[in-house]
Every structure is written in C-alpha cells, then in structure tokens.
Amino acid sequence: MKFVAVIRQVPDSESRLKIDAGRVDLSSATLILDQMDEYAVEEVIRLQEKHGGESVIVALGPERFEEAVRTALAMGADRAIHLVQEGYLDPITQAEALAEVLRAEAPDVVLTGGQQADWDSQALGPAIAEALGWPVVTWTTALEIEDGWAKARHDLDEGAEVVRLSLPAVFTTQQGLNEPRYPTLPGIMKAKKKEIRKAPTAAASKVEVLEQSIQERARLGKLLDGTKDPQAAASELIRLLHEEAKVI
Amino acid sequence: MILVVLEHDGARLRKGALEAVTRARQLSALGGVSGVVIGENLTSVAEEARRYVDTVYVAEVGAYTAEKWAAAAYAAAQKAGAKVVIASGGRQSRSWTPRLAYRLGAGLLEDTLETSTDGSRVIASRYSFLNRVTEKQAASLPVVITAKPNTTPLAEPQGEGSVEDLSVELPPAQVEVLERVTEQKKGVSLTEATVVVTGGRGLGSPEAFAGVEELADLLGGAVGATRAVVDAGWRPYGEQVGQTGKTVQPGVYIALAVSGAVQHQAGMNKSKYIVAVNKDAEAPIFKIADYGIVGDVHQVLPALIEATKKLRD
Ligand SMILES: Cc1cc2nc3c(=O)[nH]c(=O)nc-3n(C[C@H](O)[C@H](O)[C@H](O)COP(=O)(O)OP(=O)(O)OC[C@H]3O[C@@H](n4cnc5c(N)ncnc54)[C@H](O)[C@@H]3O)c2cc1C
C-alpha cells in the first residue's frame with residue numbers, strides 16, 4: 001500500500017513575527033515542519049510499519065520547505081516530492097496542483113494537517129479530496145485501515161463521530177492521533193540520501209493577500225500581589241472587574 | 001446573486017445562519033440574497049428561513065456528510081446563479097466549503113471577520129498565524145466565504161420569500177457513520193459564553209476543578225481547559241481552548257494556573273479582558289493579561305469565589 005503525507009513548513013509558534021511593508025516577514029523566524037502535519041508524517045510511517053508498502057512526503061511551497069521535507073524523511077518516510085512555488089497560494093489552487101501529483105502516485109491514504117499554523121486554513125485536505133473525488137475525514141483522532149477500508153474517529157463542532165469509508169481517502173489530523181517521533185541521528189544521516197524529486201509549479205492564486213498586521217490589543221497589565229494576602233488581592237480583582245472593566 | 005447556506009439544528013436556524021444572512025446583505029451590491037437549507041425534515045426551518053431571504057431552496061438529502069452538503073450547496077448555487085456563497089464557519093462547514101469552492105472554481109475566504117466588496121471582488125479580513133496576525137484578503141468572483149462565528153450581528157427577518165424544492169444529484173455515499181457522540185453541554189456553551197474560566201495543569205488535580213466550576217457558575221460563565229489538562233484526562237476535550245480546541249472571545253477570560261503557551265493563546269487572545277492567576281510572575285500569560293494575581297491558585301481561587309459571592313449579595 002502507499003501512504004502520503006502532505007506537509008508544509010511554518011514559523012515555530014514561539015517565534016516572534018515581524019511585519020515589513022504590510023506583510024509578515026519570516027526572515028528571522030525559526031521555521032519548522034507544521035506540528036499538525038507532523039501527526040500526518042507519523043501516521044503514514046506507522047501505517048507503513050503495520051501494512052508494508054511505501055510512505056511518501058509531498059510538499060507544495062517555496063524552496064525553503066526542503067528543510068521540513070528533510071525532517072519528515074529523517075522521521076522515517078521513504079521519499080519525497082516537492083512542488084516548488086514561491087509566495088502565497090490559496091488552498092483550492094494548491095489542491096489542484098497537488099492533485100496532479102497525487103493522481104500519478106495513486107496512494108491509498110493521504111494525510112495532512114487539520115489546520116495550517118501560518119494561514120490558519122483548514123481547507124487543504126477537503127479541497128484535495130474534492131480534486132481527487134475521494135472522501136475526506138477531518139480532525140481525525142484515530143485511524144485503522146483494513147482491506148481497502150478505513151475506520152476513523154474524528155472531532156465535530158460538538159462531539160465526535162466514528163465513520164467507515166472506502167479507500168482511497170484523505171484524512172486531516174488532530175491532536176491525539178499519535179505522538180510524533182523525533183528524528184534520530186541515523187535517521188537524519190539516512191534522510192540525506194533519500195530522494196526528493198522537485199518540480200516547478202505555475203499555479204496562480206485565486207485569493208490575494210492585501211495586507212497583514214499585528215494588532216495586539218494593548219493590555220492593561222495590572223498585576224496584584226496575592227502571595228501575602230490572597231483575600232485582599234482577590235477582593236481587589238473582583239472589584240476591578242466589576243467597577244473598572246464592567247465585565248462581571 | 002448571493003446564496004446563504006443556512007445552518008439549522010433540525011428545528012430552528014442557528015445563530016450562525018443569521019450572521020451569514022447579515023454578511024450577505026452587506027454584499028448586496030453583488031445581488032439579491034437567496035438561501036438553502038440542507039438536511040432532513042426541513043419544512044419548519046424552511047418556513048423560518050423564508051423570512052430572511054428572497055428564495056429558500058430546500059434540499060432534502062438526509063443526515064450530514066460533507067459530500068452531500070457540498071453537492072446540495074453546489075446545486076443551489078447553480079440554480080440561483082450565485083457567484084457568492086456564504087456559510088457560517090464551524091468545523092463542519094469548514095470541511096465541506098472547500099469542496100464547494102473547488103467545484104465552483106471559486107476562491108475561498110475562510111473564517112472571515114468582515115466582508116465587503118468593491119463591486120468586482122470580495123475583500124475580507126481574517127486572523128492568521130495562530131490568531132496573531134490580522135490580514136486582508138481579496139478574491140474575484142466566484143467566491144465562497146465562511147464567516148467566523150460570533151463576529152456579526154444577527155439578521156432581522158424582512159418579509160416572505162418563496163420556497164422551492166431543490167433536486168440534488170447525490171454522489172454515491174462514501175462515508176458511513178457508525179457512531180456519533182454528541183457532547184452533553186451543561187450551562188452556557190463555551191464559544192458563546194461572555195465569561196470563560198479556564199483551568200490549567202497548575203491546578204494539580206481534576207478535583208481542583210470543582211472550584212473552577214463554582215467560579216464559572218457564579219459568574220454565569222463556562223469552564224475551559226488547556227490541552228495539558230485534557231491530555232491528562234482531567235477534563236473533556238470539548239472544553240479545550242486553543243489551536244486544536246475551541247476559539248473563544250468572551251468579555252472576560254479568566255486563566256487559572258495556565259502558562260499561556262502560544263497554542264493556547266490562539267484560542268483566547270481576542271478576549272476583551274484577560275485575567276490570569278499564576279504563581280510564576282514570569283508566566284507568558286501575564287504578558288497578555290489585563291489583570292492578574294501572582295499567587296498560589298489554591299489560595300486565590302477560594303478567595304475569588306468568596307469575593308464574587310460577596311459582590312452578588
Ligand atoms: C500542535 C499543538 C497544538 C496545541 N493545541 C493546544 C490547544 O488547543 N490548547 C492548549 O491549551 N494547548 C495546546 N497545545 C499545548 C501547549 O503548547 C501547552 O503545552 C499547554 O497549553 C500547556 O497547558 P498548561 O498551561 O495548563 O500547563 P503548563 O504549561 O504546565 O503550565 C502550568 C502553569 O501553572 C502554573 N502553576 C503551577 N502551580 C501553580 C499554583 N499552585 N498556583 C498558581 N499557578 C501554578 C505554572 O507556573 C505554569 O505557568 C498545543 C501544542 C501543540 C504542539
């Protein structure tokens with residue numbers, strides 16, 4: 001069987017974001033494999049360990065994504081395909097470009113992150129499924145496959161659902177699906193020799209980003225000392241919330 | 001023409017549907033507003049819906065699956081000649097609207113806060129980078145929009161639209177639901193609460209949440225939890241606030257023994273007021289707090305409950 005993880009590289013959530021000329025400037029941010037995609041990489045490796053076959057990484061994004069691709073290979077995936085495209089590309093257009101590669105690869109299972117940590121989009125998985133005419137399960141917390149079928153558990157707005165569906169299918173990840181492994185030193189050494197096939201893309205985005213800004217609300221930052229007299233601090237806080245902020 | 005996909009609970013339109021109608025009316029330069037209701041036994045919701053839109057299309061397709069909703073919304077968009085489709089942006093609609101956008105060859109504006117038009121494009125604002133950045137996006141028509149819940153005033157009814165049955169060509173069912181677990185919420189729902197009291201791992205035990213519940217009750221609010229607490233099995237996942245949990249935007253968010261990791265902040269940093277109690281004065285949560293108490297939660301929480309009771313008397 002063949003298992004594909006579609007991944008992206010995003011700024012580490014702890015990195016400071018800068019804005020330059022109305023755009024997020026990532027030049028000084030630490031960039032990592034999106035942690036939601038990390039669940040996808042871990043899952044394809046586990047599926048391969050259990051069912052045999054191949055685990056493949058597919059990425060669509062700028063040249064710099066190669067680092068994230070190497071991380072996924074160091075975790076244990078077999079090989080990778082990187083569609084190189086600079087700049088913003090909306091998820092519907094991304095899905096179109098990715099579908100071409102995925103159709104050719106013909107995997108049984110495609111996994112990708114539930115939400116992107118840079119564009120906060122949840123659309124890539126469902127859009128890929130549509131492009132391929134496959135079913136999709138979003139926010140997957142458990143996945144088992146058997147004889148061309150999958151059984152999955154996934155989160156809804158309120159609650160969860162267990163579903164059965166035929167393969168091939170697309171799944172988007174949610175915390176709880178697994179615990180991603182760390183790349184080991186031998187893993188990192190081996191990854192250097194693994195194949196990354198690169199291909200340019202020439203897709204045009206349907207959505208344009210006009211302007212980005214960081215509008216952190218100015219917070220009051222009024223701290224009370226509750227170490228000596230917790231009662232007094234608590235009374236004062238409740239008074240402030242009632243009289244000053246007027247929220248209780 | 002603009003099409004609103006009107007979410008409902010089987011009996012009534014949901015708040016999100018009325019927010020989506022408001023959004024559609026704000027784009028009236030692009031055309032009149034029709035609606036579609038999708039699901040089963042739709043007579044009563046269709047009756048309610050016709051008061052908000054010119055034409056309600058009724059798509060009886062049975063229980064929810066993403067494929068069915070996408071197919072029904074697509075059929076309605078074709079029938080209405082809609083170049084703009086708007087739905088409210090819960091997890092469910094965010095899983096079928098990409099399918100619809102793909103099928104329509106449309107741009108997708110996801111989880112938008114505000115939408116306007118310059119006559120040929122739709123311009124939207126939204127959060128990105130885990131809620132840290134506000135961005136403006138633009139897309140030419142056709143476009144599919146999801147509206148972030150609780151960001152838009154609810155539409156008022158405006159008359160008597162017509163009701164039309166819609167025939168939908170359903171794709172063969174690909175997903176079979178074996179089991180559905182709906183969370184039993186007691187009290188106010190987390191995403192709609194005006195007060196949220198969240199407990200973090202620093203509370204030390206599931207038992208300590210009795211105090212969190214008591215304070216939330218006294219303030220007419222809902223209980224939230226961090227991922228650390230949910231992973232430890234102290235609280236149900238439905239209470240998790242953050243990147244992989246719920247996004248809340250209450251009048252006041254009270255974080256008790258919560259460190260304030262960025263992934264947690266992603267779910268609460270737009271709250272009007274943020275209050276933190278933490279024994280570590282350097283905890284990141286204090287950097288985004290309006291009010292805070294540096295102290296031991298086991299002493300401060302009972303004192304907060306006492307002080308709130310006094311205020312109520
Ligand atoms: C992909 C991904 C997604 C994630 N999604 C989410 C999410 O949706 N929501 C979420 O919350 N997290 C999420 N996280 C996890 C997040 O990074 C943090 O690990 C988590 O929020 C920490 O929870 P906490 O603050 O309860 O615990 P801790 O980080 O352990 O903090 C406990 C705090 O309590 C304080 N404390 C301890 N004892 C006391 C006391 N007696 N009195 C007062 N204060 C005390 C400590 O000083 C500390 O600040 C995610 C992580 C990843 C990688």
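Residues numbered from 1 in each chain as written. Chains lettered and ligands numbered in written order. Predicted model: local features only at pLDDT ≥ 70, side-chain atom pairs only at ≥ 80, totals over all residues. Heavy atoms only, no water.

The helix and strand tally for chain A stands at six helices and 15 strands. Principal axes of the C-alpha set define a box for chain A whose edges measure 65 × 45 × 40 Å. Across the 248 residues that make up chain A, the buried fraction comes to 58%. Considering only intrachain contacts with a sequence separation of at least 6, the fraction spanning at least 24 residues in chain A is 69%. Mean positive and mean negative side-chain charge positions of chain A (28 and 41 charges, respectively) differ by 3 Å. (Helix = DSSP H or I, 4+ residues; strand = E, 2+ residues; numbered from the N terminus. Buried < 20%, exposed > 50% of the residue type's maximum accessible area, 1.4 Å probe, protein only. Contact = heavy atoms within 4.5 Å. Lys, Arg positive; Asp, Glu negative; His and termini not counted. Charge placed at Lys NZ, Arg CZ, Asp CG, Glu CD.)

This structure, assessed with the given rule, holds five cavities of 30 Å³ or more. In this structure, the largest cavity encloses a volume near 220 Å³. Only strand 9 (136–146), strand 10 (149–155) and strand 11 (160–166) of chain A together with helix 3 (66–80), helix 4 (91–104) and strand 10 (175–181) of chain B provide two or more residues apiece to the lining of the largest cavity. With four residues, the top contributor of residues to the lining of the largest cavity is strand 9 of chain A. Tallied by class, the residues present in the lining of the largest cavity amount to nine nonpolar, five polar and six charged. Lining the second largest cavity are Y88, P91, W119 and S121 of chain A together with L108, E110, R126, E135 and Q137 of chain B. Listing elements by their share of the lining of the second largest cavity, those giving two or more residues are strand 5 (107–117) and strand 7 (133–140) of chain B. For the lining of the second largest cavity, the residue count by class is four nonpolar, two polar and three charged. (1 Å grid on protein atoms, 1.4 Å probe; cavity = no way out; pocket = protein on both sides within 12 Å on 5 of 7 lines; lining within 4 Å. Points joined across faces, edges and corners; volume = space filled by probe spheres on them. Nonpolar A, V, L, I, M, F, W, Y, C, P; charged D, E, K, R; others polar.)

It is worth spelling out the packing of helix 6 (residues 230–244) of chain A against helix 8 (residues 297–312) of chain B at this point. Packing of helix 6 of chain A against helix 8 of chain B leaves a shortest axis separation of 8 Å and a crossing angle of 50°. It follows that helix 6 of chain A is oblique to helix 8 of chain B by the angle criterion. Like other packed secondary-structure pairs, helix 6 of chain A and helix 8 of chain B cross with a definite hand, here right-handed. Across the interface between the two elements, P230, Q231, A234, S235, L237, I238 and H242 of chain A of helix 6 of chain A pack against Q299, V300, A303, L304, A307, T308 and L311 of chain B of helix 8 of chain B. Residue classes in the contact of helix 6 of chain A with helix 8 of chain B are distributed as nine nonpolar, five polar and no charged. (Axes fitted to C-alpha atoms, helices over the stretch in contact; angles between N-to-C directions. Parallel < 35°, antiparallel > 145°, perpendicular 65-115°, else oblique. Left-handed = near helix turned anticlockwise from the far one by under 90°.)

On to the layout of surface pockets. Roughly 1,000 Å³ of volume is contained in the second largest pocket. Surrounding the second largest pocket, 42 residues form its lining, R201, R227, D231, A261 and Q263 of chain B being those nearest its centre. Within the residue set of the lining of the second largest pocket, elements represented by two or more residues are strand 5 (31–33), helix 1 (35–51) and helix 2 (66–75) of chain A together with helix 6 (227–231), helix 7 (262–265), strand 14 (273–278) and helix 8 of chain B. At four residues, the largest contribution of residues to the lining of the second largest pocket is made by helix 1 of chain A. By residue class, the composition of the lining of the second largest pocket is 15 nonpolar, 19 polar and eight charged.

Moving on to the sheet that holds strand 5 of chain B. Pairing is mixed across the open sheet formed by ten strands, whose spatial order is 14(A)-7(B)-6(B)-5(B)-8(B)-4(B)-1(B)-2(B)-3(B)-9(B). Each of the sheet's edge strands pairs with one partner strand only, and the pair in question is strand 14 (207–213) of chain A together with strand 9 (162–165) of chain B. With direction set aside, neighbouring strand axes in the sheet form an average angle of 35°. The pairing of strand 5 of chain B with strand 6 (residues 121–128) of chain B spans five bridges and is classified as antiparallel. Across the sheet, residue E114 of chain B finds its bridge partner in strand 6 of chain B, namely S125 of chain B. (Pairing = 2+ DSSP bridges.)

Moving on, we get to the site of the ligand. Near the ligand lie 26 residues; those nearest to it are R201, T226, V241, T244 and S259 of chain B. Around the ligand, the neighbouring residues derive from chains A and B rather than from a single chain. R201 of chain B has a polar backbone atom sitting 2.8 Å from an oxygen atom of the ligand. Spatially, the ligand is embedded in the second largest pocket. Secondary structure elements with two or more residues in the shell around the ligand: helix 6, helix 7 and helix 8 of chain B. When grouped by side-chain class, the residues that make up the shell around the ligand number six nonpolar, 15 polar and five charged. (Near = heavy atom within 4 Å. Polar contact = N/O pair within 3.5 Å; in protein donor to acceptor, adjacent residues only side chain to side chain. Sits in = over half its atoms within 2 Å of the grid points.)

The subject of this paragraph is the side chain of Q115 of chain A. Note that Q115 of chain A resides in the loop between strand 8 (109–112) and helix 4 (124–132). Reaching out from Q115 of chain A, the side chain makes a polar contact with the side chain of Q122 of chain A at a distance of 3.0 Å. The residues contacting Q115 of chain A, other than those within four sequence positions of it, are D34, M36, D120, S121, Q122 and W139 of chain A together with Q243 of chain B.

Time to look at a nonpolar patch on the surface. Residue and element names in this part refer to chain A. Taken together, the side chains of L185, I188 and M189 make up a nonpolar region of the molecular surface, amounting to roughly 290 Å² of accessible area. Mapped onto the elements, I188 comes out in helix 5 (residues 185–191). When its relative accessible area of 35% is taken as the criterion, I188 is described as partly exposed. (Patch = residues over 30% accessible without salt bridge, like charges linked within 9 Å, V, L, I, M, F, W, Y side chains within 5 Å. Areas by Shrake-Rupley, 256 points an atom, 1.4 Å probe, with all protein chains shown as cover. Salt bridge = Lys/Arg side-chain N within 4 Å of Asp/Glu carboxyl O.)

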